[in-house]
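# Secondary and tertiary structure notes
So the chains spell out like this:
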Amino acid sequence: MNQQTPWPSPAKTILMTMLLLTLLAACGGVPPPPNATPVPSPPTNTPVPPPPTATPAPSRPAGGANPATVVPLQERNSAHEDSGTIDAKLFQRIANIFEVFRNNADQIWADTYRLDQMPLLLVYKDAAGNPQHGYLLNHPDAASVPTAELLKTDPALKLPPVYRLTELPSARIKQVRHFDFQAPIAGVPSFIMAYNAPSVDQLSAPVSADWDAFIVHEGLHDQQDATWVQGLQSQDVDNYPLDGDAIAAIRLEHQLLIAALSAPDAATRDAAIKRFIAVRSDRIATNQLAQTMDGQQERFEGTARYIEYRLGQFIPNPNQVGAIKYLQVALEPQATRDELAFGRFYSTGAALSLLLDQVGIPWKAAVEQGQSQYEVLRDHFGLTDNAAEQAALLAEARKVYHYAALQQAGAATAKTVDAGYQRFSDDAGLDDPSSSGSDNAEIIEDVQKPYEPVAEPPITASVPAGYTLQGGFRVAYAELPHAFWQAEYSPGKKPVTIVDYAAGDQRLRITRSPFAGTLADAQTIKAETGLFAGGERRRFGARDVLLFTMEDATTGPYTAIGFVHDGHWYTAAGDLSVEPMAAIAAEMTTQ
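Residues numbered from 1 in each chain as written. Predicted model: local features only at pLDDT ≥ 70, side-chain atom pairs only at ≥ 80, totals over all residues. Heavy atoms only, no water.

## Observations concerning the pattern of salt bridges
The condition that has to hold: Any Lys or Arg side-chain nitrogen found within 4 Å of a carboxyl oxygen on Asp or Glu counts as a salt bridge. Relative accessibility under 20% of the residue-type maximum defines a buried residue, over 50% an exposed one, and the middle range a partly exposed one, all with a 1.4 Å probe and only protein chains included. Only DSSP runs of H or I with at least four residues qualify as helices, and only runs of E with at least two residues qualify as strands; both kinds are numbered from the N terminus onward.
All told, the structure shown has 18 salt bridges when counted by the stated rule. Note that Arg 114 is salt-bridged to Asp 111, the shortest N-O span being 3.6 Å. Asp 111 sits in the exposed class, given a relative accessible area of 63%. A salt bridge links Arg 337 to Asp 418; its shortest N-O distance comes to 2.5 Å. Of this pair, Arg 337 sits in helix 10 (residues 337-359) while Asp 418 sits in the loop between helix 14 (403-414) and helix 15 (438-447), and the two are 81 residues apart along the sequence. Three or more residues are tied together by salt bridges with common partners; here these are Glu 253, Arg 280, Arg 283, Asp 294, Glu 298 and Arg 344.

Below, the structure is given as structure tokens:
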């Protein structure tokens, strides 16, 4: 999974030139902001001692593995931040995970998912996002991969042979953003995970508390791509039915799952499960899209979340939130389309998986072969063809949980469920199988998070004529993916606010943070994060403006303008063509 960035979504929108001009003009002049307060660097785990010192390996022709040991990591990588320390920590984390799988694979998933045996390439990316080297494990023909060198690792780690690649073998691998599934390496489909320093991306840093769960979650997706029956899947979040009755039924399901998970005994648990089956059966009977999406997404994303919990039994994660807490998000009055039409499937799928374990049903093979967790439970309790019993259970559930009140609340939520929701077009990579999981999963995982709703626009006077507030959300300080963002966006560790406006198909997204400093130089930001394709300081009237372009692997470049107003940092961004961009630039002077 990935964390949401405070920058606007790379999904393409149309932003008219006058919107940005209006936005800038409406705020007027601004006095010089105070100096930024220094922020201490995020804490990191104690570095693991690097692998034992080894003698440099002699040079050799590309393509044949050299069995000699290679230059120590801390010496070889001194030019690339502290990658030696990062690599040492990576090996320790991988060793811990592999040990858990060797001894407890059946408690994580089953022998059909063995991360410790899968061909795995770990790709190190520097601060600019450029891949520097990789480590190949469990590959049956690693020695044939060009530039592969056998690495001497600490025997106490009990790692399989590790080959260091000084050159990555394909353009696809070089372009990997976070992960890739079934990528061919020397003819062998392999799982690829990128990793980096915590200053680049906390989630992908092997010093992060969430990193173990991240790689195990995505590793299961790789296995799903390779061996699972895929079934009829959909991610049509835009058209998922969310009227008042649909939301009421969804919330009734969540109440029943919470009741089952927290039941004091098996009889109470099974009663809640049967009522859940009746409610789900009734809801999907007349809702074809829900029938397609719920079960299949629970199969794939729900099981991946489930193994995060299972791994947590052996490698505790202080950031992990229990299944019930996640389920409660959809019960909130401000629940969003992002959550109700996709994000909740992680939670419901994990909850159903945990309940299948509690009931004692051997369910994992059936799910791999195409059945959903709901279908396995339904068949186990014999409710498939018993319409009368299902009707009675449905009536019980509605009575116990005051369905009329849920309908009333659902009708209220239906009016606001699209607030702040940005519909992603197909070119954003949501349904493109060629995206191989990386950008696809990043977008999907980002929108499922339970953001705090925002009702008011940050700058009322900046809303262009004809545009209406769609809503917004806040991103917690700890969720900002870069240390640079944390320091520059929120020196006081306060949330960052994002607000959306719309006029027909046109979108305007404004990002506000409790910024407390001068406008950052574009090249400095690029050096710290690697996210910008270019940028420069400009003047617009009395305002100091940052005009920059961000490059996204899926959608290409898009342009944004950033500025400081009343001690807050704002960006407004969209897909600007060459001509509108030239028109804006003509109104500015280079600083």
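## Re the pairing of strand 4 (residues 162-165)
We apply this condition: In this description, strands pair whenever DSSP reports at least two bridges between them.
Where burial is concerned, the two faces of strand 4 agree: the one with Val 162 and Arg 164 and the one with Tyr 163 and Leu 165 are both buried. With four bridges joining them, strand 2 (residues 131-137) and strand 4 adopt antiparallel strand pairing. When the bridges of strand 4 are listed, Gly 134 appears paired with Leu 165. As paired elements, strand 3 (residues 148-151) and strand 4 share four bridges and run antiparallel to each other. Bridge pairing in strand 4 links Ala 148 to Leu 165.

## A few points about the packing of aromatic side chains
Rule in force here: Each aromatic pair joins two rings of Phe, Tyr and Trp (for Trp, the six-membered one) with centres within 6.5 Å, and gets the label stacked for planes under 30 degrees apart, edge-to-face for over 60, and tilted for any other angle. Only when the NZ atom of a Lys or the CZ atom of an Arg is both within 6 Å of the ring centre and within 35 degrees of the ring normal do we say a charge sits over the ring.
Considering all chains together, one arrives at 14 aromatic pairs under this definition. With 5.9 Å between their ring centres and 70° between their planes, Phe 342 and Tyr 346 make a pair best called edge-to-face. Residue Phe 342 and its partner Tyr 346 are both found in helix 10; the two are separated by four residues, about one turn of the helix. Across the pair, exposure class does not vary: Phe 342 and Tyr 346 are buried alike. Members of the aromatic cluster, connected to one another through ring pairs, are Trp 109, Trp 228, Phe 300, Tyr 306 and Trp 363. Sitting over the face of the ring of Tyr 326, Arg 305 holds its NZ or CZ atom 4.7 Å from the ring centroid. Positioned above the aromatic ring of Tyr 403, the side-chain terminus of Arg 398 is 4.6 Å from the ring centre.

## Digging into helix 5 (residues 211-227)
Rules: The span one expects for a helix is its residue count, reduced by one, times 1.5 Å.
Over its 17 residues, helix 5 extends 24 Å from the first C-alpha to the last, a length consistent with the 24 Å expected when each residue adds 1.5 Å. Within helix 5, 14 of the 17 residues are buried, which leaves the element mostly enclosed by the surrounding structure.

## Quick look at the sheet that holds strand 4
We count it as follows: As a rule, the C-alpha atoms of each element are fitted with a line to give its axis, helices using only the stretch in contact, and angles between N-to-C directions run from 0 to 180 degrees. Here a residue-residue contact requires only that any non-hydrogen atoms of the pair lie within 4.5 Å.
Spatial strand order, 3-4-2-1-6-5: six strands in an open sheet with mixed pairing. Each edge of the sheet is formed by a strand with only one pairing partner; in this case those strands are strand 3 and strand 5 (179-185). Each neighbouring strand pair of the sheet contributes to a mean axis angle of 30°, computed without reference to strand direction. Sheet contacts for helix 5: strand 1 (120-125), strand 5 and strand 6 (188-196); angle to strand 5, the most-contacted strand, approximately 50°.

## Thoughts on helix 14
This is how the line gets drawn: The directions from the helix axis to the C-beta atoms form the arc being described.
Compared with an ideal rise of 1.5 Å per residue, which puts twelve residues at 16 Å, helix 14 spans 16 Å between its outermost C-alpha atoms and is within 8% of the ideal. What helix 14 keeps buried is the set Tyr 403, Leu 406, Gly 410 and Thr 413. Considered in projection along helix 14, the buried side chains sweep an arc of 75° and stay on one side of the axis. In helix 14, the exposed positions that point more than 90 degrees away from the buried face belong to Ala 404 and Gln 408. Residues of helix 14 that are buried make contact with helix 6 (244-261) and helix 13 (387-400).

## Let's talk about the nonpolar core
Put simply, the rule reads: What is meant by a nonpolar core is a set of buried Ala, Val, Leu, Ile, Met, Phe, Trp, Tyr and Cys residues, joined one to another through side-chain atoms within 4.5 Å.
Counting 96 residues, the largest nonpolar core has Ile 94, Leu 115 and Ile 215 as the members making the most contacts within it. No other element matches helix 10, which puts twelve residues into this core. Dropping the residues within four chain positions of it, Leu 115 is found in contact with Ile 97, Phe 98, Phe 101, Asn 138, Phe 191, Ile 215, Val 216 and Gly 219. Core analysis: the next-biggest nonpolar cluster, separate from the first, contains 15 residues, Leu 136, Leu 165, Leu 168 and Ile 192 among them.

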